[in-house]
Amino acid sequence: MPVYTCTTTTGTLTADVKSALARELSRIHAEINHVPSTYVNVVFHELPHGGIYTDGVPADPVLVNSWVRSGHPLDETTRLATEIASAVSRIANIDAARVLVVIQNSPASGAVEGGRVLPEPGQEQAWVCH
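Residues numbered from 1 in each chain as written. Predicted model: local features only at pLDDT ≥ 70, side-chain atom pairs only at ≥ 80, totals over all residues. Heavy atoms only, no water.

Looking at an unreviewed UniProt entry, one finds the protein named Tautomerase and attributed to Mycobacterium parmense.

## A closer look at the pattern of salt bridges
Short version of the rule: Each reported salt bridge corresponds to a side-chain nitrogen of Lys or Arg within 4 Å of a carboxyl oxygen of Asp or Glu. Put simply, DSSP marks the helices as runs of H or I at least four residues long and the strands as runs of E at least two long, and each gets a number from the N terminus on. Buried, partly exposed and exposed residues are distinguished by accessible area as a fraction of the type maximum, computed with a 1.4 Å probe on protein chains only: under 20%, between the cut-offs, and over 50%, respectively.
Inspection of the entire model under this criterion finds six salt bridges. Between E24 and R27 there is a salt bridge, with the nearest N and O atoms lying 2.9 Å from each other. Of this pair, E24 and R27 both sit in helix α1 (residues 15–33), three residues apart, which is roughly one turn of the helix. Classification of E24 as buried rests on a relative accessible area of 16%. Take R27: its relative accessible area is 38%, and that puts it in the partly exposed class. We note a salt bridge from E31 to R27, for which the minimum N-O separation is 2.9 Å.

## A few points about the nonpolar core
Counted only if it meets this: The nonpolar core is taken to be a set of buried Ala, Val, Leu, Ile, Met, Phe, Trp, Tyr and Cys residues, with the residues joined through side-chain atoms within 4.5 Å. We call two residues in contact when some of their heavy atoms are within 4.5 Å.
Core analysis: the biggest nonpolar cluster contains 22 residues, and Y4, L25, V64, I84 and V88 have the highest contact counts within it. Tallying contributions element by element places helix α2 (residues 74–92) first for this core, with six residues. Contact partners of I84, with chain neighbours within four places excluded, come to Y4, L25, I28, V64 and V101.

## Focus on the sheet that holds strand β5 (residues 62–69)
Where we set the bar: Pairing between strands requires that DSSP locate at least two bridges from one strand to the other. Fitted lines through C-alpha atoms give the axes, limited to the stretch in contact for helices. The angle between two N-to-C directions lies from 0 to 180 degrees.
Within the open sheet, the four strands sit side by side as β2-β1-β5-β6. Their pairing is mixed. Every other strand in the sheet has two partners, leaving β2 (41–47) and β6 (99–106) as the edge strands with one partner each. Here the average twist between neighbouring strands, direction ignored, is 15 degrees. Of the pairings in the sheet, the one linking strand β1 (residues 3–9) to β5 comprises five bridges and is antiparallel in character. Each bridged residue has a counterpart across the sheet, and for T7 the counterpart in β5 is L63. Its contacts with the sheet place α2 against β1, β5 and β6, and it is angled at close to 145 degrees to β6.

## Observations concerning the pairing of β5
Threshold: With the strands pointing away from the viewer, any crossover whose connection runs clockwise from the first strand over the helix to the second is right-handed.
Pairing of β5 with β6, which is carried by eight bridges, proceeds in the parallel orientation. By the bridge assignment, V68 is partnered in β6 with N105. Read from β5 through α2 to β6, the crossover connection turns out right-handed.

## Details of the environment of S106
Structurally, S106 is set in strand β6. A relative accessible area of 25% means that S106 is categorised as partly exposed. In this structure, the C-alpha to C-alpha distance between S106 and G50, residues 56 residues apart in sequence, is 32 Å. Apart from the residues within four sequence positions on either side, S106 is in contact with W67, V68, R69 and S70.

Here is the structure:
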């Protein structure tokens, strides 16, 4: 259900780091939002050097943009963003100042997975059983 897109410049993250990040982002999301980690999608998008700018100059940050369903408590969404930012910095061995995490949301009714409209938060079990 959720989609985490990690955008970096080529070579910023190794294959091992990507794998570790995908596992950790899935674990964090599943724990905080009370869903199975099998629901979590993580995508890595690499741009060539000079493809990302910060303060008007080429930079090598890790930008994590996510989509989640609306309806989760605000404090849990803040915790989600904070824990993901910390995990990216720790696992990728990147200074926290180079990590940006943005959690965006919209109603579950605006998303389809496996041919079905997504359930509202808390309604996952009924959705899985059908």
